2 protein chains.
Amino acid sequence: MRYVLMMELRQLKYFIAVAEELHFGRAAERCNIAQPPLSQQIKKLEEELGVKLLERTSRKVSLTPEGSEFLERALDIFGRLDEAVVCIQDMAEGLKGHLRVGFIGPASLSNLPRAIRAFREANPDIRLDFSAKSTTEQLPMLRGDRLDIAFVRLFGHDTTGLKSMTFLREPYVLAIPDGHHFGGRDRLDITDLEGEPLIFNQRIAQPALYRSLIGSFHKAGFMPNIVQEVNTEQSTIALVATGLGSALVPASSAVDKRSGVVFKPLDGDLPQWEITALWKAKKESVLLKNFLSTVTQFRDVTGSTPVWELLGTDSGSL
Amino acid sequence: MRYVLMMELRQLKYFIAVAEELHFGRAAERCNIAQPPLSQQIKKLEEELGVKLLERTSRKVSLTPEGSEFLERALDIFGRLDEAVVCIQDMAEGLKGHLRVGFIGPASLSNLPRAIRAFREANPDIRLDFSAKSTTEQLPMLRGDRLDIAFVRLFGHDTTGLKSMTFLREPYVLAIPDGHHFGGRDRLDITDLEGEPLIFNQRIAQPALYRSLIGSFHKAGFMPNIVQEVNTEQSTIALVATGLGSALVPASSAVDKRSGVVFKPLDGDLPQWEITALWKAKKESVLLKNFLSTVTQFRDVTGSTPVWELLGTDSGSL
DNA sequence: GCCCATCCATAGTTTTGGGGCATCAAAAAT
DNA sequence: ATTTTTGATGCCCCAAAACTATGGATGGGC
């Protein structure tokens, strides 16, 4: 912005008109003004630039080499300006822009990948950034505007200033090692777990959820036999496969087809396993609304997904 | 120019100021206006775009995603506008642009390549286009603005509307085949050429010059024995080397070190051999003036360059 | 060769709109 | 609750853009 002082787009438009028509009268008509002001504005422009852009005799108008160069660049500039305007208007309509999505690992076994694929196909110009993070990592990111939407295990977390939508609600099932003595059973009840060696998530990761699970066992009349705590949900099933013990896992985990693990439906008074979408109420952009509208079509909050329905389905990929 | 209707650069500048300061008061100060008109202009801009660019509470201002995108693009646009202005100003000062130079073949044996090299080194941003063409081809190109300057053999051509400068003036010398009976002589006189088989340029290429040469022979009291006419000056020396005959050539041709040809100074009433720079008086741009000023430093119009001074010099290349 | 048509520049006048001043309203800080 | 900060609003004025009328130069036509 060193040299551009008083110049205005109007003057550039007028210049383009004259340069293209090579005739002040016709150019003025094209600009919807009379000829004299056009001449004056062109003169002003030339004076400010200190460069003669047009060679005019009383008979014909022609471009100087400088004028020719300037015309080319002026057209380029208007093109870019138009692009900029169209771009931000598209953004405002939610057709362009980018969305930062956070999700917990187990969400990749849910309908979320399919929802994202559908959204991506419907909105190819939206850039999507993903970060697989724990709930406790995602919440500060969401609040600090480093994330636009988070898919988390909300249980017991503070949601002031945030809006939420339950994306997935399903029962816990029991993952048991191959050859376990429960192998012949079709269903289990929570009371069957008395004394059974269990692998749990770390209590500090989700204290409220942890307490709720312990409460369920307490109601069933016994305390769980926790032989191991793990810090990521992904590693739970791997540990079950080693034969260390059994684990309560979301029903959708059954799509994990690694050999050595079998899943059994579980009756009894247990909390539901949930994935919740969270976003800042203040940052509910058109784009985010569109995204949520697609995501809603893929949510499953019946709370009763049987394991066998999930087996053999394709979860897609992010 | 579909979407850009009323928008003005002023508004863009104001927006940039607010977007960078994130404070209407300070931005207004930076724009040298009061705060209320700034608010109004930003409002106008947003209304025309149909997009909210700034989020303002009465406490702080922040960019919307659209505003952020628009800021980036607006800065780019101003950068380009500045570039455009600087570019055409440089062009007007003769620092940028391009120059189309025409020259006759023998000019490449003169100082012209050195002059062009010097100009190119002093003005690296000037694009130079060359065309090696005959005088009769160059003149219409010059008049038709397809050439900015022409280096030609002017002799007898019409120069109305053109300006000219003699670039090279030198004597004719005689090119003789190796082993010729003039071999032992230091100098020759035109009278020595009586009966000598001679190679001439085609008379239709330069009728006036042709007549002038014939006139010189006439004054010496005899008519030349023309055994061959050639259409390009370059091929003359090659023909001499075949032993077909001798030829009158410009002294600078002696830098052509092909074996089989010897050059001898020639006394007598002969026209001078000249290369003249020609350009349109109406198209005398700053750039052309600069070019001419460099070229002038390399001109040689003494009319007396001895052959031996030219021998061994490097003519450079275009 | 004179006249007329064309076309850009200039002069004077009108109108639009950008900018200034005073003030209001909202929100944070004390 | 009061003060301070900061952006928005209303009103007025003037600068600048646009209009009308006219001038002057150039090229074509009779």
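So, a few notes on the structure that sits alongside this text. No experiment lies behind these values; they were computed from the predicted model shown.

### What about the overall build of chain A?
Per the secondary structure count, chain A includes ten helices and 13 strands. Taking 318 residues into account, the globule formula puts the C-alpha radius of gyration at 20 Å, and chain A, at 32 Å, lies well above it. With the C-alpha coordinates of chain A rotated into their principal frame, the extents come out at 105 × 35 × 30 Å. Looking at chain A as a whole, 47% of its 318 residues are labelled buried. When contacts within chain A are restricted to residue pairs at least 6 apart in sequence, long-range pairs at least 24 apart make up 75% of them.

### Thoughts on the protein's contact with DNA strand C
The local shell around DNA strand C holds 23 residues, among which Arg56 of chain A together with Tyr14, Ala34, Lys44 and Ser58 of chain B are the closest. Of what DNA strand C places within 4 Å of the protein, 75% of the atoms are sugar or phosphate. At a separation of 3.5 Å, a sugar or linking oxygen of DNA strand C approaches a polar side-chain atom of histidine 23 of chain A. Separating a base nitrogen of DNA strand C from a side-chain N or O atom of glutamine 35 of chain A is a distance of 3.0 Å. Those elements that place two or more of their residues in the surface near DNA strand C are helix 2 (24-30) and helix 3 (35-49) of chain A together with helix 1 (9-21) and helix 3 (35-49) of chain B. Per-class residue counts for the surface near DNA strand C are eight nonpolar, nine polar and six charged.

### Re the interface of chain B and chain A
On the chain A side, the residues contacting the 35 residues of chain B number 35 residues. Approximately 3700 Å² of surface area, both sides summed, lies buried where chain B meets chain A, with 70% of it carried by carbon and sulfur atoms. Counting across the interface, chain B meets chain A through six salt bridges. In this structure, glutamate 8 of chain B engages arginine 10 of chain A in a salt bridge whose closest nitrogen and oxygen atoms are separated by 3.6 Å. Across the contact surface, chain B and chain A share six residue pairs in polar contact (both at pLDDT 80 or more). Looking at the side of chain B that touches chain A, the elements with two or more residues in it are helix 1 and helix 4 (65-92) of chain B. Sorting elements by how many residues they give to the side of chain B that touches chain A places helix 4 of chain B first, with 20 residues. Looking at the side of chain B that touches chain A residue by residue, the classes come out as 23 nonpolar, one polar and eleven charged.

### Side note on the relation of the copies chain B and chain A
Under the fitted operation, chain B is carried onto chain A by 0.0 Å of movement along the axis and a turn of 179°, and the coordinates agree to an RMSD of 0.3 Å. Such a combination of rotation and displacement between the chain copies is what one expects of a two-fold axis. A high fraction, 100%, of the interface residues of chain B reappear at the interface in chain A, so the copies pair face to face through one surface.

### Notes on the protein's contact with DNA strand D
With respect to spatial proximity, 23 residues lie near DNA strand D, and among them Tyr14, Ala34, Lys44 and Ser58 of chain A together with Arg56 of chain B are the closest. The sugar-phosphate portion of DNA strand D accounts for 76% of its atoms within 4 Å of the protein, the bases making up the rest. Lysine 44 of chain A has a polar side-chain atom sitting 2.3 Å from a phosphate oxygen of DNA strand D. Contacts to DNA strand D include phenylalanine 24 of chain B, whose backbone N or O atom sits 3.1 Å from a phosphate oxygen. Elements with a contribution of two residues or more to the surface near DNA strand D: helix 1 (9-21) and helix 3 of chain A together with helix 2 (24-31) and helix 3 of chain B. Split into classes, the residues belonging to the surface near DNA strand D amount to eight nonpolar, nine polar and six charged.

Thresholds applied
- Residues numbered from 1 in each chain as written.
- Chains lettered and ligands numbered in written order.
- Predicted model: local features only at pLDDT ≥ 70, side-chain atom pairs only at ≥ 80, totals over all residues.
- Heavy atoms only, no water.
- Helix = DSSP H or I, 4+ residues; strand = E, 2+ residues; numbered from the N terminus.
- Rg over C-alpha atoms; globule rule 2.2 N^0.38 Å.
- Buried < 20%, exposed > 50% of the residue type's maximum accessible area, 1.4 Å probe, protein only.
- Contact = heavy atoms within 4.5 Å.
- Near = heavy atom within 4 Å.
- Polar contact = N/O pair within 3.5 Å; in protein donor to acceptor, adjacent residues only side chain to side chain.
- Nonpolar A, V, L, I, M, F, W, Y, C, P; charged D, E, K, R; others polar.
- Buried area = accessible area lost by both parts, 1.4 Å probe.
- Salt bridge = Lys/Arg side-chain N within 4 Å of Asp/Glu carboxyl O.
- Least-squares fit on C-alpha atoms with pLDDT ≥ 70 in both.

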